[in-house]
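Listed below are the residues making up each chain.
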Amino acid sequence: MLFALIIFLVACAILGYRIISSVPSLLHTPLMSGMNALSGITVLGAIAVFATVDSGIVQFLSGAALVLAMINVVGGFWVTDRMLKMFDSSVRRKNK
Amino acid sequence: MSVIIIAAIFIVGFILQIRLMQSPKTALLGNRIGAAFMGAAIIYTIIAYGGMGNASLWLWLVIGGFAGVSLGHVVKMIQMPQMVGMLNGFGGVASALVAIAGSSLFVSGASWYLWLTASLALSVGVLTFTGSMVAAMKLQGIISGKPVNLDESGKLQQILLLIAAVLVLLSTFITGIYTVWVILLIIIAAVYGVIMALRVGGADMPVVISLLNSFSGVAASITGFAVEDPLLVGVGAVVGVSGLILTRIMCRAMNRSLSAVLTGMTTVSNSKKAENLTHVSNSLEEVHEKKTRGTDIGKIINLSKKVIIVPGYGMAVAQAQGKVKDLIDCMEKAGKQVKIGIHPVAGRMPGHMNVLLAEVGIDYDKLYDMDTINPEFENTDLTIVIGACDVVNPSANTAEGTPIYGMPILEVEKSKNVIVCNLDEKPGYSGVENTLYSMENVITIWGNASETVPTITEAC
């Protein structure tokens, strides 16, 4: 499993590097807040732990992780959406 | 193996999200695809772990989601850096919590790498959290934005790092007292994060925000190892790489090494700053004289066909974006060609200025980055600098030994005329006096950009 995970890590890092390098500086803030939302992927880990364990302390820790990671995910995608809508509306105005 | 294949499918969605971010025309769609894939990944995981009927699980998810929406909805565009900073911190601490909670699941005799990665994820997550919170508080003005150096030589940080490394190793092999290691690591990582972020001052924030963004991804990725979830490993890696790329771009744009930023080597000595201040009071008369040349401005603007506007963070602080938009509209109505030149570090996070201008409805195809706009200054009749100082300071090419020496700048001085609308003639964040102000072809208008920019618009 460790070996498979390492291969996967390297593959994603290389792919990510190639694709992120071509995002224009115009969109660096939305890129960052979008990536920020993705780092909330840790919510999946929180779900897995929360749903498997019954002990009080673990429930508390993973419950806190659930809330914080969800703020990260939802807040991140939401602000990115707001920003990109602003860029999008300037596209629309131009097409009129 | 099947988990890897499922993870790969989700990764394709997130890669598509980033791919569509290459153009402002498709970026919105990309973001929504990313969000949809994230939602699907969450639902998939809940089903896979049999949590569909788990009411408290849903309750926590809904609370977090609701808080995220409210936060994302109220935040202002100028507050975006602290928002992203804070979210980085939440992501980091969530990863740390998952690592701690997850480690309680390890059966005795679990693989060494589970303990190792749990400890690492915990450390990176906690330092991301404290570092991000300090950075966000600085940006929000809750604590002073000036660099605070608790650890002049940088030795303390090195020692903390060393202790943390030893603790991580101990926790990998002596797992019987894992709780003790956890507590010690939390303390050390927390202190490290605080020291790191306190050292960094205002204009260096883009670097730190980018770096912490990277850390939050790294924390998620390492947590992925600890809970053996390839999707966390992969997505965390992508975020980590993204943060690193932006960190590098920001460092290059300031011509500073990452270590120089992180050790707070930002400003010239205080004595030199004091000198500059006395200089300011001496030249007030001169300032006044320059102000009265206002009649020239109308003439210059009328004769100018090609205009470049260079906004800086000062414009955002003065909330003058709307006024700048009025100016652009007015000039375009008069048949002038208007472009906007944006320095990579204008603002408090990468690309911040573009967002602030898009917010007031300025078309993004008028926005040009530094490398594209620099060759155009020579053929430009008029450049208007609004609230930007260090990034247009020609001293960057000549003044050896100053913090900005060698930093790539917008070469506004090459255009035929320059109007500078800055708050005052004090040096910018770097503390280096701006030689642009005293140049022949430069007219300075001191004051709040919300008030000074409309005076130019009137002259137009």
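How each quantity is defined
- Residues numbered from 1 in each chain as written.
- Chains lettered and ligands numbered in written order.
- Predicted model: local features only at pLDDT ≥ 70, side-chain atom pairs only at ≥ 80, totals over all residues.
- Domains from an automatic or database assignment.
- Contact = placed C-beta atoms within 7 Å.
- Helix = DSSP H or I, 4+ residues; strand = E, 2+ residues; numbered from the N terminus.
- Nonpolar A, V, L, I, M, F, W, Y, C, P; charged D, E, K, R; others polar.
- pLDDT = per-residue confidence, 0-100.
- Buried ≥ 20, exposed ≤ 12 C-beta atoms within 10 Å, placed from the backbone.
- Pairing = 2+ DSSP bridges.

J.: Pulling in residues and values, what's your account of the domain arrangement of chain B?
T.: Residues and elements named next belong to chain B. Structurally, chain B comprises domain 1 (1-74), domain 2 (82-262) and domain 3 (270-459). Here the C-alpha centre of domain 3 lies 37 Å away from the C-alpha centre of domain 2. Taken residue by residue, the interface counts 14 residues in domain 2 and 10 residues in domain 3. Mapped by element, the contributors of at least two residues to the side of domain 2 that touches domain 3 are α8 (205-226) and α9 (230-254). At five residues, α9 tops the list of elements feeding residues into the side of domain 2 that touches domain 3. Tallied by class, the residues present in the side of domain 2 that touches domain 3 amount to 11 nonpolar, three polar and no charged.

J.: Outline the environment of B:G387, listing residues and values.
T.: All names here are of chain B. Tracing the backbone shows G387 in the loop between β4 (382-386) and α18 (395-398). Put simply, G387 and A320 are 67 residues apart on the chain and 9.4 Å apart in space, counted from C-alpha to C-alpha. In contact with G387, not counting residues within four places along its chain, are P311, G312, Y313, G314, M315, V317, A318, C421, N422 and A449.

J.: Pulling in residues and values, what's your account of the confidence of the model for chain A?
T.: Atomic detail in the predicted coordinates should be set aside for any region of low pLDDT. In this model, chain A carries an average pLDDT of 88, and 93% of its residues clear a pLDDT of 70 or more. Ranking the elements of chain A by mean pLDDT puts helix α4 (residues 56-95) of chain A last, at 87, and helix α2 (residues 28-39) of chain A first, at 93.

J.: Quick rundown of the pairing of strand β1 (residues 306-311) of chain B? Include the residues and the values.
T.: Residues and elements named next belong to chain B. Within β1, five of the six residues are buried, leaving the element largely enclosed by the surrounding structure. Judged from the four bridges that link them, β1 and strand β2 (residues 337-342) form a sheet pairing that is parallel. Across the sheet, the residue bridging to V307 is V338, located in β2. By the bridge criterion, five bridges tie β1 to β4 in an arrangement that is parallel. Along β4, the bridge assignment pairs P311 with I386.

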